[in-house]
Amino acid sequence: MRYLPLTPADRQQMLAAIGVGSIDALYADVPAAACRDGLVELPLAMGEMEVERRFLSMAAKNVPAGAVPFFVGGGVYRHHVPAAVDHLIQRGEFLTSYTPYQPELAQGTLQYLFEFQTQVALLTGMEVANASLYDGATACAEAVLMANRATRRDKAVLSGGLHPHYRSVCETYARFAGFELAARDPARGGGEDLARSIDERTSCVVVQNPDFYGEIRDYSELAEMCHRAGALLVVVVTEIVSLGAVRPPGAMGADIVAAEGQSLGNALNFGGPHVGLFATRDKFVRQMPGRLVGQTADAEGRRGWVLTLSTREQHIRREKATSNICTNAGLCALAFTIHLALLGEEGFARLAQLNHAAAVATAQRLERLPGVQLVNQSFFNEFALRLPVPAAPIVEALAGRGILAGIPVSRFHPERAELADLLLVAATETATEDDIDRLEAGLREALI
Amino acid sequence: MNEWSQALRARAGAGSPQGPDTYSGNRALQIEEPLLFEQDGPGRCGVDLPEPTPFRSRLGGLERGEPVGLPGLSEPQIVRHFTRLSQKNYAIDSGLYPLGSCTMKHNPRLNEKLARLPGLADIHPLQPVSTVPGALELIDTLAHWLKVLTGLPAVALSPAAGAHGELCGIMTIRAALEARGERRSRILVPESAHGTNPATAAACGYAVEAIPANERGRVDLAALQAKLGPDVAALMLTNPNTCGLFESEILDIAAAVHAAGAFFYCDGANFNAIVGRVRPADLGIDCMHINLHKTFSTPHGGGGPGSGPVALAAALAPFAPLPWVVHGENGLELVEHAEGAAGQALGRLKGYHGQMGMFVRALAYMMSHGADGLKQVAEDAVLNANYLRVRLADALTQSFPGSCMHEVLFDDRFLKDTGVTTLDFAKALIDEGYHPMTMYFPLVVHGALLIEPTETESKESLDQFAAVLVELARQAQAGGAEAFRAAPRFTPRRRLDETGAARKPVLRWRPEPVQRNAAE
């Protein structure tokens, strides 16, 4: 077996050194009743060529985004990732290192995480960010838990414009952590009076910007109302590239930002791994979940980095920790940091403009189609269309013609007939003129 | 040399015997590297993107007003920056990484290649299910392998890491108890458990009670039985435990837990010791998370991403979180809502369908090894740990006598009266070119040193490592405390001030206010 260096002769020598006759002697503590003869019922070892053949066969059954006109978003976006990103994250010193608990051997990881924290704070307009969480949805649930701790309250208000998966994760955590949710019905791009739901038990109001239907709103007033009531405003961002064009949550008075960072540096990956971003204000830093990298000096007075404020964390505090999180999304955070470093100020703004331009062009073309209505007043790179017929069969029909047209909202809410005609369409910088032409033509035909 | 290190040098005083002894502050291959933000060249950019054709903005008047503040760098600068950073890291690729209960084994590159196939990486979780049958097949195949290896009939795949898998397992247990009308309030966790176990139990609304270890480093069965009662929801046990020992009374433990009407949760962090050889179901385990980034070699990546599928007994399976991949009338189906057979399913624990990129790598690893190779993995891991144990028997002090599983626990008795601590000893190991073992964990012995070599180390590698440890122990006992306290000396940074970092946290870069140079 190519990954196992011990030879039969090594094994014999080592058993002799240990003073046992066979490997079975080292398993003597396993109860006899639990011991089995022979091998488990699975195939035997395979060489690289054979394994690769099997995976190619599975991969060939899927339709990759890059092979077709592609307009699917819903919190996961297809962007062009510069070649340098994947090259650098595959350096073994990054790929095959552990969590940086030994700072003298991990200054590389620690420095990029410090850079990552800085980038996330800058993008969101917040004061401080952590070293990543699993994904946007779990970051959102952690934001609610943190708001509960910081305010010593136990009720969160969720906007109807929040991504349904994010809402579902919050509901799961709420059930078991024992807090209450006041969740609004899924909105169809209209405004909601969230302030009406705030009471003396409300720890936070959770909104998404742009929301699940793509609408962009100013939450400054809501932030003020939250603060007057002693509650926090949590702003979720599922498309981080939007912050190259849209006013950041920090400038609207957000207290916590929970975001998905997949768009920078990371592939679609069928939904994971992605990277959760988490930012807040300095005054809440000791309530934060997850790892934090801090600047310090070494014994020679030189600047260096360490994991810090770990008294919040499970390996020190055990059942009193702010979160049970341990492993997070280190390498995905690295990909994010490298991609954003390559973009820089100019490139990031340009990327955002290209996304917005592609979406505006797509919307203009599709809203002209008979019976099709653009729901949004505003949007960044994703918007909702109301079709004259249910959206799911249309998406399926277009997929049959090699066009991935978007997401029928009914996929999230099959029980809500009033949402069945809604289609979410995302267009990023990867959408070409030809893609948009084919989407328009395909949709026109499918609607006849 | 950047401004920061210049300032520090000025403060330390020129010619300080402690300071860097080169003009640049570099030490040959160890090159000082400023932050990205300190290399800003306005107008520079590492990408070439076209200008959009003019269009009417539809941002609703909510344009970003201020610049973000990102630095501008070109591609060569960025490649050099991250290459230099990478050279300040230790990694499995560079050497033995003996972190106990972390299973730092070789990460095969085939797995990286396969995870990047466009048909697996460039697919969207919300594109029509009809366009991703290969993805469902892969998930189902991985689930099948995990079910056979654990002997348990179901597996929840969405958890994003080990601790997330624990959350999934304990939530599932609570849901199953509630479905039979029981509200139990306590979870029992051995003292030697990883910190995530009590943190998870608390996060799910349970009171946590510690179970002491006996003098053999195993769960004290009598103490466990005394704590069991009708209000106990589960026992969370790591097996083999974090002392590197198999819980020899595990069948009695399981029987006692089940007799109390509780569930038996196993932390699968140490599955590597028994994979392919012992099935957790045969040990009476109801629920076990599996760290794909440990046993099945998906890269740790400097702290993630991980993946923590949870294998479930039949009594727990109906409550597994969404989504499910099931065999339906027309082949594999993706169940995204709590309906039909999934009517009792927990909601979601994570967005979308789990860590697909990690599933690809783990399945490639499993298929490469096969049933025979996986069993050999466990046996070689145990053999390597025991070989180190006997090689170190005279120099270090083993905490619990006798053979171990895939990791071996020592404590600091061998450092008694030397003035050298476990931490000093570990830092000296760094200068010898090794990543330290897990230190001060588990908490059940004093100054713990937990060594897990894994099966991917050769005998020669173990011999060399053992020789270094024996020599360091000799030096410590020969009165070398001063040198140990000064270690490490050859790393890019010496020991770092962790207390200072926590007292005045600096968690991000900020632009320096313009200051007059003191030398002018």
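Just so it is clear, the structure is predicted and the values come from calculations on it, not from any experiment.

S.K.: Looking at this structure, how should I read the overall build of chain B?
M.R.: Along the backbone of chain B there are 14 helices and 13 strands. For 520 residues, the compact-globule estimate of 2.2 N^0.38 gives 24 Å, and chain B sits close to it at 26 Å. The dimensions of chain B, computed from C-alpha atoms along their principal axes, are 80 × 75 × 40 Å. Going through the 520 residues of chain B one by one, you find that 58% of them count as buried. Across chain B, contacts joining residues at least 24 apart in sequence account for 73% of those joining residues at least 6 apart.

S.K.: Honestly, the environment of Gly19(A) in this entry has me stumped. Any pointers?
M.R.: All names here are of chain A. Within the secondary structure layout, Gly-19 lies in the loop between helix 1 (8–18) and helix 2 (48–59). What makes Gly-19 exposed here is the crowd of 10 C-beta atoms within 10 Å. As a C-alpha pair, Gly-19 and Gly-230 span 211 residues in sequence and 68 Å in three-dimensional space.

S.K.: I keep staring at the domain arrangement of chain A and nothing clicks. Help me out?
M.R.: A common way to express how large an interface is: the accessible area buried when the components associate. All names here are of chain A. Segmenting chain A into domains produces domain 1 (65–79 + 345–447) and domain 2 (83–339). Placing a centre on the C-alpha atoms of domain 1 and another on those of domain 2 gives a separation of 27 Å. Facing 28 residues of domain 1, the contacting portion of domain 2 comprises 23 residues. Considering every element that reaches the side of domain 1 that touches domain 2, the biggest residue donor is helix 10 (residues 330–366), with seven residues. Class assignment of the residues belonging to the side of domain 1 that touches domain 2 gives a composition of 15 nonpolar, ten polar and three charged.

S.K.: Whenever I open this one, the environment of Val232(B) confuses me. Can you help?
M.R.: All names here are of chain B. Position of Val-232 relative to the elements: it lies in strand 4 (residues 232–238). What makes Val-232 buried here is the crowd of 22 C-beta atoms within 10 Å. Residues Val-232 and Glu-209 lie 23 residues apart in sequence; the distance between their C-alpha atoms is 9.8 Å. Aside from chain neighbours lying at most four places away, what touches Val-232 is Arg-184, Arg-186, Leu-188, Ala-260 and Ala-262.

S.K.: Looking at this structure, I do not really get the nonpolar core. What am I missing?
M.R.: A general trend in soluble globular proteins is that nonpolar side chains are found buried together. Core analysis: the largest hydrophobic core is formed by 321 residues, its most contacted members being Cys140(A), Val205(A), Val206(A), Val234(A) and Leu312(B). With 21 residues, helix 10 of chain A is the single largest residue contributor to this core. Sequence-distant contacts of Val205(A), defined by excluding residues within four places in its chain, comprise Val157(A), Leu194(A), Ile198(A), Leu222(A), Cys226(A), Ala231(A), Leu233(A) and Val234(A).

S.K.: Is there a simple way to explain the domain arrangement of chain B in this structure?
M.R.: Split by domain assignment, chain B resolves into domain 1 (1–26), domain 2 (33–46 + 70–88), domain 3 (110–366) and domain 4 (376–503). Distance from the C-alpha centre of domain 2 of chain B to the C-alpha centre of domain 3 of chain B: 41 Å.

S.K.: It is not clear to me how the sheet that holds strand 12 (residues 438–439) of chain B should be interpreted in this structure. Could you clarify?
M.R.: Hydrogen bonds between backbone atoms are what pair the strands of a sheet, whose relative direction is either parallel or antiparallel. All names here are of chain B. Read from one edge to the other, the open sheet built from four strands follows the order 10-11-13-12, with strand pairing classed as antiparallel. Because the sheet does not close on itself, it has two edges, and the strands there are strand 10 (397–398) and strand 12. Two strands pair when backbone bridges link them, and strand 12 and strand 13 (residues 449–451) are joined in this way by two bridges, in the antiparallel orientation. Its bridge partner being in strand 13, Met-439 is matched across the sheet by Leu-449.

S.K.: I keep staring at the packing of helix 6 (residues 136–151) of chain A against helix 7 (residues 164–177) of chain A and nothing clicks. Help me out?
M.R.: For any two helices packed against each other, one specifies the inter-axial angle together with the distance between the axes. Residues and elements named next belong to chain A. In contact at an axis separation of 8 Å, helix 6 and helix 7 are set at 45° when each is read in the N-to-C sense. For the element pair helix 6 / helix 7, the angle class is oblique. The hand of the helix 6/helix 7 crossing is right-handed. Across from Gly-136, Ala-137, Thr-138, Cys-140, Ala-141, Val-144 and Leu-145 in helix 6, the residues of helix 7 making contact are His-165, Tyr-166, Val-169, Cys-170, Tyr-173 and Ala-177.

S.K.: Which parts of the structure should I look at to understand the pairing of strand 9 (residues 331–335) of chain B?
M.R.: Both faces of the sheet carry side chains from a regular strand, because those side chains alternate between them. All names here are of chain B. Pairing of strand 8 (residues 324–328) with strand 9 involves five bridges; the strand directions are antiparallel. In the sheet register, Trp-324 faces strand 9, and the bridge partner there is Val-335. What sits between strand 8 and strand 9 in their antiparallel hairpin is a turn of two residues.

S.K.: Even after reading the chapter, I still don't get the sheet that holds strand 13 (residues 422–426) of chain A, so can you show me in this structure?
M.R.: All names here are of chain A. Across the sheet, which stays open at both edges, the four strands sit in the order 10-11-13-12 with antiparallel pairing between neighbours. For this open sheet the edge positions go to strand 10 (373–374) and strand 12 (407–408), each flanked by a neighbour on one side alone. Of the pairings in the sheet, the one linking strand 10 to strand 11 (residues 382–386) comprises two bridges and is antiparallel in character. Residue pairing in the sheet places Gln-373 in a bridge with Arg-386 of strand 11.

S.K.: Teacher, can you tell me more about the interface of chain A and chain B here?
M.R.: On the chain B side, the residues contacting the 163 residues of chain A number 176 residues. In terms of residues, the side of chain A that touches chain B owes the most to one element, helix 10 of chain A, which gives 22 residues. In the side of chain A that touches chain B, the residues fall into 92 nonpolar, 43 polar and 28 charged.

S.K.: What is the right way to read the confidence of the model for chain B from this model?
M.R.: Predicted coordinates in areas of low pLDDT are best not read in detail. Residues and elements named next belong to chain B. For chain B, per-residue confidence averages 94 on the pLDDT scale, and residues scoring 70 or more make up 95% of the total. Here residues 7–17 is a poorly scored stretch, pLDDT under 50, and it has seven contacts once near neighbours within four places are set aside; other chains count. Model confidence for the complex: the whole-complex pTM is 0.96, and ipTM, which rates the interface, is 0.97.

S.K.: Before we go on, may I ask you to explain the packing of helix 6 (residues 162–179) of chain B against helix 7 (residues 196–203) of chain B in this structure?
M.R.: All names here are of chain B. Their axes nearest at 9 Å, the elements helix 6 and helix 7 cross at an angle of 40°. Classified by the angle between their axes, helix 6 and helix 7 sit oblique to one another. The chirality of how helix 6 crosses helix 7 is right-handed. Contacts from Gly-162, Ala-163, Glu-166, Leu-167 and Ile-170 in helix 6 reach Thr-196, Asn-197, Thr-200, Ala-201 and Ala-203 in helix 7. Considering only residue class, the contact of helix 6 with helix 7 consists of five nonpolar, four polar and one charged.

S.K.: Just checking my understanding: could you explain helix 9 (residues 250–259) of chain B for this structure?
M.R.: For an α-helix, 3.6 residues make a turn, and residues three or four places apart therefore share a direction. All names here are of chain B. Those residues of helix 9 lying buried are Ile-250, Ile-253, Ala-254 and Val-257. Burial along helix 9 is one-sided: seen end-on, the buried residues are contained in an arc of 95°. Buried positions along helix 9 lie against helix 8 (221–227), strand 4 and strand 5 (263–267). Just downstream of helix 9 lies Gly-261, where phi reads positive at about 80°.

S.K.: I would appreciate a short explanation of the pairing of strand 13 of chain A in the present structure.
M.R.: Residue and element names in this part refer to chain A. By the criterion of burial, strand 13 is predominantly enclosed, with five of the five residues buried. Every second residue of strand 13 is oriented toward a common face, with Leu-422, Leu-424 and Ala-426 on one face and Leu-423 and Val-425 on the other, all of them buried. Inspection of the sheet shows strand 11 paired to strand 13 by five bridges, in the antiparallel sense. In the strand pairing of strand 13, Arg-386 is matched with Leu-422. Where strand 12 meets strand 13, two bridges bridge the pair, whose relative direction is antiparallel.

Cut-off values and rules
Residues numbered from 1 in each chain as written. Chains lettered and ligands numbered in written order. Predicted model: local features only at pLDDT ≥ 70, side-chain atom pairs only at ≥ 80, totals over all residues. Helix = DSSP H or I, 4+ residues; strand = E, 2+ residues; numbered from the N terminus. Rg over C-alpha atoms; globule rule 2.2 N^0.38 Å. Buried ≥ 20, exposed ≤ 12 C-beta atoms within 10 Å, placed from the backbone. Contact = placed C-beta atoms within 7 Å. Domains from an automatic or database assignment. Nonpolar A, V, L, I, M, F, W, Y, C, P; charged D, E, K, R; others polar. Core = buried A, V, L, I, M, F, W, Y, C linked by C-beta atoms within 7 Å. Pairing = 2+ DSSP bridges. Axes fitted to C-alpha atoms, helices over the stretch in contact; angles between N-to-C directions. Parallel < 35°, antiparallel > 145°, perpendicular 65-115°, else oblique. Left-handed = near helix turned anticlockwise from the far one by under 90°. pLDDT = per-residue confidence, 0-100. Arc of directions from axis to C-beta.

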